[in-house]
Amino acid sequence: MATYKIGYLVGSLSSTSINRELAKALIRLAPEDLEFTEIPIGNLPLYSPDHDTNYPPEAIALKDAIHQSQAILFVTPEYNRSIPGALKNAIDWASRPWGQNAFDHIPAAVIGASIGQIGTALSQQSLRSVLSFCNARQMTAPEAYIQYTPELFPGNGEVADESTEAFLTIFMAEFRDHVVRVLTVLPRQASTVPTAAS
Ligand code: FNR
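Reading the values: rules and limits
- Residues numbered from 1 in each chain as written.
- Predicted model: local features only at pLDDT ≥ 70, side-chain atom pairs only at ≥ 80, totals over all residues.
- Heavy atoms only, no water.
- Helix = DSSP H or I, 4+ residues; strand = E, 2+ residues; numbered from the N terminus.
- Buried < 20%, exposed > 50% of the residue type's maximum accessible area, 1.4 Å probe, protein only.
- Axes fitted to C-alpha atoms, helices over the stretch in contact; angles between N-to-C directions.
- Parallel < 35°, antiparallel > 145°, perpendicular 65-115°, else oblique.
- Left-handed = near helix turned anticlockwise from the far one by under 90°.
- Contact = heavy atoms within 4.5 Å.
- Nonpolar A, V, L, I, M, F, W, Y, C, P; charged D, E, K, R; others polar.

**Student:** Looking at this structure, how should I read the overall build of the protein?
**Tutor:** Per the secondary structure count, the protein includes five helices and six strands. Listing each helix as α and each strand as β along the protein from the N terminus yields β-α-β-α-β-α-β-α-β-β-α. Each principal axis of the C-alpha atoms in the protein carries an extent, and together these give about 50 × 40 × 25 Å. Looking at the protein residue by residue over its 198 residues, the buried ones come to 49%.

**Student:** It is not clear to me how the packing of helix α1 (residues 18-29) against helix α5 (residues 162-185) should be interpreted in this structure. Could you clarify?
**Tutor:** A packed helix pair is summarised by two numbers, namely the angle formed by the two axes and the spacing between the axes. One way to put it is that α1 packs onto α5 with a least axis distance of 9 Å and a crossing angle of 70°. If you check the angle between α1 and α5, you find them roughly perpendicular. The handedness of the crossing between α1 and α5 comes out as right-handed. Residues Leu-22, Leu-26, Arg-28 and Leu-29 of α1 pack against Glu-165, Leu-168, Thr-169 and Met-172 of α5. Residues belonging to the contact of α1 with α5 are distributed by class as follows: five nonpolar, one polar and two charged.

**Student:** How do you make sense of the environment of Pro-45 when you look at a structure like this?
**Tutor:** By the secondary structure assignment, Pro-45 is in the loop between β2 (34-38) and α2 (57-67). Linking Pro-45 and Met-139, residues 94 residues apart in sequence, is a C-alpha distance of 29 Å. Setting aside its immediate chain neighbours within four residues, Pro-45 contacts Pro-56, Glu-58, Asn-89 and Trp-93.

Spelled out as structure tokens, the structure:
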């Protein structure tokens with residue numbers, strides 16, 4: 001069976017991140033032919049154009065991991081009605097130097113969990129806008145705004161409520177179909193694995 005390599009970014013640096021819990025559930029519920037690798041963002045220095053001619057190893061690793069992925073899934077909290085700084089920083093690194101944007105044409109989807117009632121809606125809206133500029137090919141529907149409770153996500157990727165589990169299963173099936181559709185018209189080449197600062 002052919003598999004699709006999915007890189008996923010968790011937008012939280014918290015050791016008890018509810019979004020990492022959500023990511024575990026999404027991976028568990030995903031179609032079999034999706035293979036997931038987390039792309040870490042917590043070790044990146046703050047981006048500055050001063051680094052454009054000499055990317056640090058952490059940022060080269062970030063770009064390599066994106067280039068080796070056939071699609072990207074963003075699982076992010078909402079911070080002050082927008083994207084967490086750590087995630088925006090990672091996107092800034094990946095999008096530069098100018099002309100070497102790692103997200104160009106990449107299939108992508110956005111999802112997030114919050115303890116608040118709007119379930120990261122505004123963070124996702126901000127992220128979608130950033131990813132549009134980065135020319136990522138985003139899944140537009142279904143949207144998924146998840147309100148987290150420990151009862152709903154008891155741990156280890158379990159989901160206690162059947163309708164939520166069914167919805168997350170549909171979300172991942174739609175993501176898989178979106179990835180296949182985008183890759184059909186915009187195939188990603190193995191040779192896009194970058195050199196130093198690409
Ligand atoms: C939050 N939180 C939050 N929640 C929300 O629904 N909308 C918001 O704008 C914010 N803003 C916000 C800012 C900052 C700095 C923090 C630390 C938290 C609460 C947030 O939903 C909660 O902390 C989640 O647990 C964050 O997700 P992770 O980090 O656990 O994955």
